[in-house]
Amino acid sequence: MTCHSKQQAAIDLLADDELRELAVRICHRFSDDLIQEAAMVLLQMDDAKWQKVNDGGYVRFYIVRTMMTMATSPRSTFARTHGLFAHNKQVPDIADDADGYDWEQEDDMTIIEALLDSYHWYDKEVLRLWLQEGSYRKVAAKTDIPFKSIGNSVRRTLDQLKEDYYGLIIERCIRSGHRITAYRSNQHTDRH
C-alpha cells in the first residue's frame, strides 16, 4: 500500500474492509473509533516519518501495528478512553475460573488471528492448507505449487508470526512496567 498523500492513506483506511474486519476482531464495538483514531495518527504523522513509511511500502503494516497497540495496550489513551481494560484490572487466576476456561489462551489466539489477518493472502492460504493437510507434499499435490515453495512460505509465515507475536508480548511486558535486565537473563542462563 503506497499512497500519494497522508490524506489519501486515511481515506483508503476508512474504506478498507480487511482493516475493518481486523478492527472488529481486536476491538469489537469500538471498531469504527479505532479506525478513525488510526486515520488521525496517519494525518498527524510528521512528514519525514510519513515519507519513510510510505516510500518503504509499510503503510499497511504501520496501520495494523498502530491499531493493535491502541487496542491491546492498557496504557494507550484509546484503550483507557474506551475502558477496554476496565473489567480486567487484575488477571483472573485460571484455576479459580469456575468453568476452567483459559482466557489467556483465547487472548493469545485473538492476537495471532489478528496478526495473520494482516499477512499476505497467499501466505495465509498456504499456511491454512498446510495445517489442514499436514505436509508440504500434500499441499503441493493439491495446489500444483512446488513443495519447496510451500515449505518456504510456511516457514517464512511462521517465523514472521513468531517475531510479531513475541514482539507484542515483549512490548506489553515493558509497557506494564516489567524490567528486562541483563542480570535477570544471566541468572537464568547460569541455572542451566
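What counts as what
- Residues numbered from 1 in each chain as written.
- Predicted model: local features only at pLDDT ≥ 70, side-chain atom pairs only at ≥ 80, totals over all residues.
- Heavy atoms only, no water.
- Phe/Tyr/Trp six-rings, centres within 6.5 Å; stacked < 30°, edge-to-face > 60°.
- Buried < 20%, exposed > 50% of the residue type's maximum accessible area, 1.4 Å probe, protein only.
- Lys NZ or Arg CZ within 6 Å of the ring centre and 35° of its normal.
- pLDDT = per-residue confidence, 0-100.
- Helix = DSSP H or I, 4+ residues; strand = E, 2+ residues; numbered from the N terminus.
- Contact = heavy atoms within 4.5 Å.
- Axes fitted to C-alpha atoms, helices over the stretch in contact; angles between N-to-C directions.
- Parallel < 35°, antiparallel > 145°, perpendicular 65-115°, else oblique.
- Left-handed = near helix turned anticlockwise from the far one by under 90°.
- Nonpolar A, V, L, I, M, F, W, Y, C, P; charged D, E, K, R; others polar.
- Patch = residues over 30% accessible without salt bridge, like charges linked within 9 Å, V, L, I, M, F, W, Y side chains within 5 Å.
- Areas by Shrake-Rupley, 256 points an atom, 1.4 Å probe, with all protein chains shown as cover.
- Salt bridge = Lys/Arg side-chain N within 4 Å of Asp/Glu carboxyl O.

A.B. asks: Account for the packing of aromatic side chains, naming residues and giving values.
C.D. replies: Taken as a whole and assessed by the stated rule, the structure comprises three aromatic pairs. Note on Trp130 and Tyr136: the rings are 6.1 Å apart at their centroids and 35 degrees apart in plane angle, and the pair reads as tilted. Judged by its relative accessible area of 24%, Tyr136 is partly exposed. Seen from their ring centres, Tyr165 and Tyr166 are 5.3 Å apart, and the 70 degrees between their planes marks the pair as edge-to-face. Using a relative accessible area of 15% as the deciding quantity, one classes Tyr165 as buried. The aromatic ring of Phe147 is capped on one face by Arg137, whose charged end is 3.8 Å from the ring centroid.

A.B. asks: Kindly report on the confidence of the model for the protein chain, identifying the contributing residues and their values.
C.D. replies: Model confidence for the protein chain is summarised by a mean pLDDT of 78, while 78% of its residues fall at 70 or above. The secondary-structure element of the protein chain with the lowest mean pLDDT is helix H11 (residues 182–191), recorded at 48, while helix H3 (residues 31–44) shows the highest, at 90. Within the model, pLDDT remains below 50 along residues 87–97, and this stretch shows five contacts once partners closer than five positions in the same chain are excluded. For residues 182–189, every residue scores under 50 in pLDDT, and the model assigns this stretch one contact once sequence neighbours within four places are set aside.

A.B. asks: Account for the packing of helix H2 (residues 17–27) against H3, naming residues and giving values.
C.D. replies: It is the contact of H2 with H3, at a shortest axis distance of 8 Å, that shows an interaxial angle of 120 degrees. Taken together, the axis directions place H2 and H3 in an arrangement best described as oblique. Crossing handedness for the pair H2 and H3: right-handed. Packed against H2, whose contacting residues are Leu19, Arg20, Ala23, Val24, Ile26 and Cys27, the element H3 presents Ser31, Asp32, Leu34 and Ile35 at the interface. Partitioning the contact of H2 with H3 into residue classes produces seven nonpolar, one polar and two charged.

A.B. asks: So what's going on with a nonpolar patch on the surface? Which residues, and what values?
C.D. replies: Taken together, the side chains of Tyr166, Ile170 and Ile174 make up a nonpolar region of the molecular surface, amounting to roughly 310 Å² of accessible area. Mapped onto the elements of the fold, Tyr166 is located in helix H10 (residues 147–175). Judged by its relative accessible area of 48%, Tyr166 is partly exposed.

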